[in-house]
Number of protein chains: 2
Amino acid sequence: MGRIAILGGTGPEGIGLGLRFALAGEEVVVGSRAAERAEAAAADMRTKLVAAGCTTPVRGADNGAAIDGADIVTVAFPYAGIGDLLPGLAPRLAGKIVLDVINPLIRVKKVFALEPVAEGSAAEKIQALLPDSFVVGAFKNESAEELVEIGHPAEGDVVVCGDHADAKAAVIDLIGRVKSYRAVDAGALVNARFTEGITAMLLNINRRYKAVTSIRVLGLDDH
Amino acid sequence: MGRIAILGGTGPEGIGLGLRFALAGEEVVVGSRAAERAEAAAADMRTKLVAAGCTTPVRGADNGAAIDGADIVTVAFPYAGIGDLLPGLAPRLAGKIVLDVINPLIRVKKVFALEPVAEGSAAEKIQALLPDSFVVGAFKNESAEELVEIGHPAEGDVVVCGDHADAKAAVIDLIGRVKSYRAVDAGALVNARFTEGITAMLLNINRRYKAVTSIRVLGLDDH
């Protein structure tokens, strides 16, 4: 058990992940630019969690304060915000495990696609913005809609990638504690371009089938 | 039941698909630049199929002759070859359903990645090279290794994309006849960049886990 910060944690993806991490027994600190907004989100989350019989501590803080003391810092900002927000947080994030869950999604004529990213993926851009942090990409494909429904077990595999073995192992360990998720290690951080692409594909499938989909990797029964 | 041509059909992916299509009751014509090479591959396939109790006709032909009379023309060339091979075949492929199963894979320091494609994906490049054909991208993620093992049912979902509704429906129908595969319609052909990316990701997962993986889309139980 440890402490997980979720920066940009007042959006639906951040809230959904925070709920799942709290249910897994992790102390959660929701971060936002405004501490009051973070605390309001945390209060809502506590209400939901208590109703589910979970009393793991969840609190709000401004992004900077949320980082301090966290074992893993999740970045759940909208993609468009990272260039503005991360450089100012970089000194406090130095030496930290940064869990990136961001997709550079755009929508072109109703079709979801990825915004071109010079670095190759949101994850690689975040690693470039935070050169002294240990970035791990994961939870790219998990829909906020499903994450917040804590009455239902989460479905699917969480594909993980990263260039720092210890940081990746810590995130894989965290995923293993979230009920019914399985971590699949795809290797180096360059694979984030593929996991981010899966999100766009799943959103297009969702639209077509009026469904909320996720993926499973078949053929790994031995691990 | 119809006739499926497989251009570049003497490689492992083409042979594997040909075997599965024949088992599904489709007449298969293996295409190659050299008709004798195509016929030799077809003879090997017939031997395997007969041993499995399947007598669906499988024969070889040069690529051009293989196209004539085919209901669906599969292109299974190596990615590097399409710029040379397809323009010459374009007139014969005009008006045809072209099933593209090609991934623009490269390997950088043991990590599988995608070669940058100006059109966005191999599928879109093929559609650009064959403007009068109806290109459908599918079977991008299915490993040749698994396809050729006809004693084992194929596992996983076949994600399909394309801009021509009738052509896509024909391919989805074909997939539905291949034992144990399920077609998932991801929408427009631009999604091929994501399905091709999944192949690179799965190959990296395969290397890490010493496995042969495929994907399933969860959450579509209703369709």
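Residues numbered from 1 in each chain as written. Chains lettered and ligands numbered in written order. Predicted model: local features only at pLDDT ≥ 70, side-chain atom pairs only at ≥ 80, totals over all residues. Heavy atoms only, no water.

Once that is clear, we can look at the confidence of the model for chain A. Caution applies to low-pLDDT regions: their predicted coordinates should not be interpreted in detail. Looking at chain A as a whole, the pLDDT averages 96, with 99% of positions reaching at least 70. Reported for the predicted complex are a pTM of 0.96 and an ipTM of 0.95. (pLDDT = per-residue confidence, 0-100.)

Turning next to the packing of aromatic side chains. One pair of aromatic rings is described through two measures. These are the centre distance and the angle between the planes. Tallied over the entire structure, the rule returns 4 aromatic pairs over all chains. Between the aromatic rings of Phe-21 of chain B and Phe-139 of chain B, the centroid separation amounts to 5.6 Å while the plane-to-plane angle is 70°, which identifies the pairing as edge-to-face. In this pair, Phe-21 of chain B is assigned in helix H1 (residues 12-23) and Phe-139 of chain B in the loop between strand S8 (134-137) and helix H6 (144-147), connecting sequence segments 118 residues apart. In this structure, Phe-21 of chain B and Phe-139 of chain B share a single accessibility class: buried. Look at Phe-139 of chain B and Tyr-181 of chain B: their rings are 5.9 Å apart centre to centre, the planes differ by 70°, and that puts the pair in the edge-to-face class. With Phe-139 of chain B in the loop between S8 and H6 and Tyr-181 of chain B in the loop between helix H7 (165-177) and strand S10 (182-187), the pair connects residues that are 42 residues apart, well separated along the chain. Judged by relative accessible area, Phe-139 of chain B falls into the buried class, the value being 1%. Accessibility expressed as a relative area gives 7% for Tyr-181 of chain B, which makes it buried. Pairwise contacts between aromatic rings join Phe-21, Phe-139 and Tyr-181 of chain A into one cluster. (Phe/Tyr/Trp six-rings, centres within 6.5 Å; stacked < 30°, edge-to-face > 60°. Helix = DSSP H or I, 4+ residues; strand = E, 2+ residues; numbered from the N terminus. Buried < 20%, exposed > 50% of the residue type's maximum accessible area, 1.4 Å probe, protein only.)

A word on the pattern of salt bridges. Residue and element names in this part refer to chain A. Summed over all chains, the structure comprises 22 salt bridges over all chains. For Lys-168, the salt bridge goes to Asp-185, with nearest N and O atoms at 2.8 Å. In this pair, Lys-168 sits in helix H7 (residues 165-177) while Asp-185 sits in strand S10 (residues 182-187), placing the two residues 17 residues apart along the sequence. Residue class for Lys-168 comes out buried when judged on its relative accessible area of 7%. (Salt bridge = Lys/Arg side-chain N within 4 Å of Asp/Glu carboxyl O.)

Attention now goes to the relation of the copies chain B and chain A. For the pair chain B and chain A, the superposition axis carries a translation of 0.0 Å, the fit reaches an RMSD of 0.0 Å, and the rotation angle comes to 180°. What we have between these two chains is a two-fold relation. Taking C-alpha positions as reference, the residue of chain B nearest the rotation axis is Arg-216 of chain B, located at 2.6 Å. Taken as a fraction of all interface residues of chain B, those also at the interface in chain A reach 100%, which identifies the copy contact as same-surface. (Least-squares fit on C-alpha atoms with pLDDT ≥ 70 in both. Contact = heavy atoms within 4.5 Å.)

Let us now look at helix H2 (residues 35-51) of chain B. Residues and elements named next belong to chain B. Compared with the 24 Å implied by 1.5 Å per residue over 17 residues, the 24 Å span of H2 between its first and last C-alpha is a close match. Buried within H2 we find Ala-38, Ala-41, Ala-42, Met-45 and Leu-49. Buried residues of H2, seen end-on, are gathered within an arc of 100° and therefore sit on one face of the element. Opposite the packed face of H2, turned more than 90 degrees from it, sit the exposed residues Glu-36, Asp-44, Thr-47, Val-50 and Ala-51. Check the buried side of H2 and you find it contacts H1, strand S2 (27-32) and strand S3 (58-62). Of the residues trailing H2, Gly-53 is marked for its positive phi of about 80°. (Expected span 1.5 Å × (residues − 1). Arc of directions from axis to C-beta.)

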